[in-house]
Amino acid sequence: MKRIEFYSDINGVAETWPISRPTEHIPRWVNLVQNDYKQSDKLQSHLYRCPGIFELYKTGFILPAWHDIKLTTDGENYGWLLPNDELKQLVGSHHIAQVHSHKTIARYLPRPPWSHPSVLKLNTPWHIVAPRGVKFLITAFPYPDSYEFESVNGILDPSISSELNVQLNYNVVNGVHIIKAGTPLAHIIPLTERNYDFVVRDATAWDRVWSKKREYLNNMSFVINRTRMKEAYERHFHGKKCPFHFWRR
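Summarised in this report is the structure supplied together with it. In this text, all values refer to a predicted model and were calculated from it rather than measured experimentally. Residue positions are counted from 1 within each chain, in the order its sequence is given. Local features in this predicted model are restricted to residues of pLDDT 70 or higher, and side-chain atom pairs are both shown and tallied only at a pLDDT of 80 or more, whereas totals for entire chains, interfaces and linings draw on every residue. Water and hydrogen atoms were dropped before computing side-chain values, which therefore reflect all heavy atoms in the structure.

**A few points about the sheet that holds strand E5 (residues 97–100)**
What counts is decided by this rule: Following DSSP output, two strands are said to pair if at least two bridges run between them. What counts as a helix is a DSSP run of H or I of at least four residues, what counts as a strand is a run of E of at least two, and both are numbered from the N terminus. Between N-to-C directions, angles span 0 to 180 degrees; the directions come from axes that are lines fitted to C-alpha atoms, helices contributing only their stretch in contact.
If you walk across this open sheet you meet the four strands as E5-E6-E11-E9, and the pairing is antiparallel. Both edges of this open sheet fall to E5 and strand E9 (149–151), since each of them pairs with a single strand only. Along the sheet, successive strands turn relative to each other by an average axial angle of 35 degrees, direction set aside. Inspection of the sheet shows strand E6 (residues 119–122) paired to strand E11 (residues 166–170) by three bridges, in the antiparallel sense. The partner of Leu-122 across the bridge, within E11, is Val-166.

Structural data, given as structure tokens:
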């Protein structure tokens, strides 16, 4: 396999709000900096010449929100509202959002002092199929125009967990905020020096078979058996008899 593939379990998402390169999501402030640099003598130190910042917008992929969601907070509690009941039916039994409570799972996780005490998890229909051994750094979208939320940092190994869900430090502790569809949620950075092409698409029949397999593997024991999960992922997407190799020539 010579490329990274992102597929969505819900048809239409890949066309409407695809995972894309960061260059498709340049914040407004970058244009201001660029214009200021053009008007300068270009000899003095200038933010626009900082490679450490602007290389970020050439690296990896951006995961956008795939629907509007209205979030309400009042101190320790979260509430959320979707645009309509049809979206709820489309999602089915999957959770749109979940809370990692500061009293249980997120109890010891450090967070900014201005953030909501509990971590907000937004689930998406996206999965990653990656070349063998490639893992991904999931981190916050770099230097956004506003800071209502920030993705927490973590490493994603697709062979253990192929789905893409976002854990957020949410910074509106008391109030109402709408995350609009298309808003960048997280930055996905392959941990490799190699440059891979990428594909964004709806799930195929073979992908949906994997979704059923991993649902079983996730729930067959009290603690997820990561070894079994990795073995199953390798067989399904990299095995010699896998249709994957024929469908993607």
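There is more to say, and it comes next.
**A few points about the packing of helix H5 (residues 205–219) against helix H6 (residues 226–238)**
Where we set the bar: Note that the term roughly parallel is reserved for angles under 35 degrees, roughly antiparallel for angles over 145, roughly perpendicular for angles of 65 to 115, and oblique for everything else. Pairs of residues are marked as contacts when any of their non-hydrogen atoms sit within 4.5 Å. Only Asp, Glu, Lys and Arg are considered charged, only Ala, Val, Leu, Ile, Met, Phe, Trp, Tyr, Cys and Pro nonpolar, and every remaining residue, Gly among them, polar.
Orientation of H5 relative to H6, taken along the N-to-C sense of each, is 170 degrees, at an axis distance of 11 Å. With respect to H6, the axis of H5 lies roughly antiparallel. In this structure, H5 uses Trp-206, Asp-207, Val-209, Trp-210, Lys-213, Arg-214, Leu-217 and Asn-218 to contact H6, whose residues at the interface are Met-229, Ala-232, Tyr-233, His-236 and Phe-237. Its residues placed into classes, the contact of H5 with H6 shows eight nonpolar, two polar and three charged.

**Here's the deal with unusual backbone geometry**
Rule in force here: Relative accessible area decides the class of each residue, using a 1.4 Å probe on protein chains only: under 20% of the type maximum gives buried, over 50% gives exposed, and in between gives partly exposed.
One non-glycine residue, Tyr-143, lies in positive phi territory at about 50 degrees. Looking at where Tyr-143 falls in the secondary structure, it is placed in the loop between strand E8 (136–139) and E9. Among the residues examined, Tyr-143 registers a relative accessible area of 39% and is labelled partly exposed.

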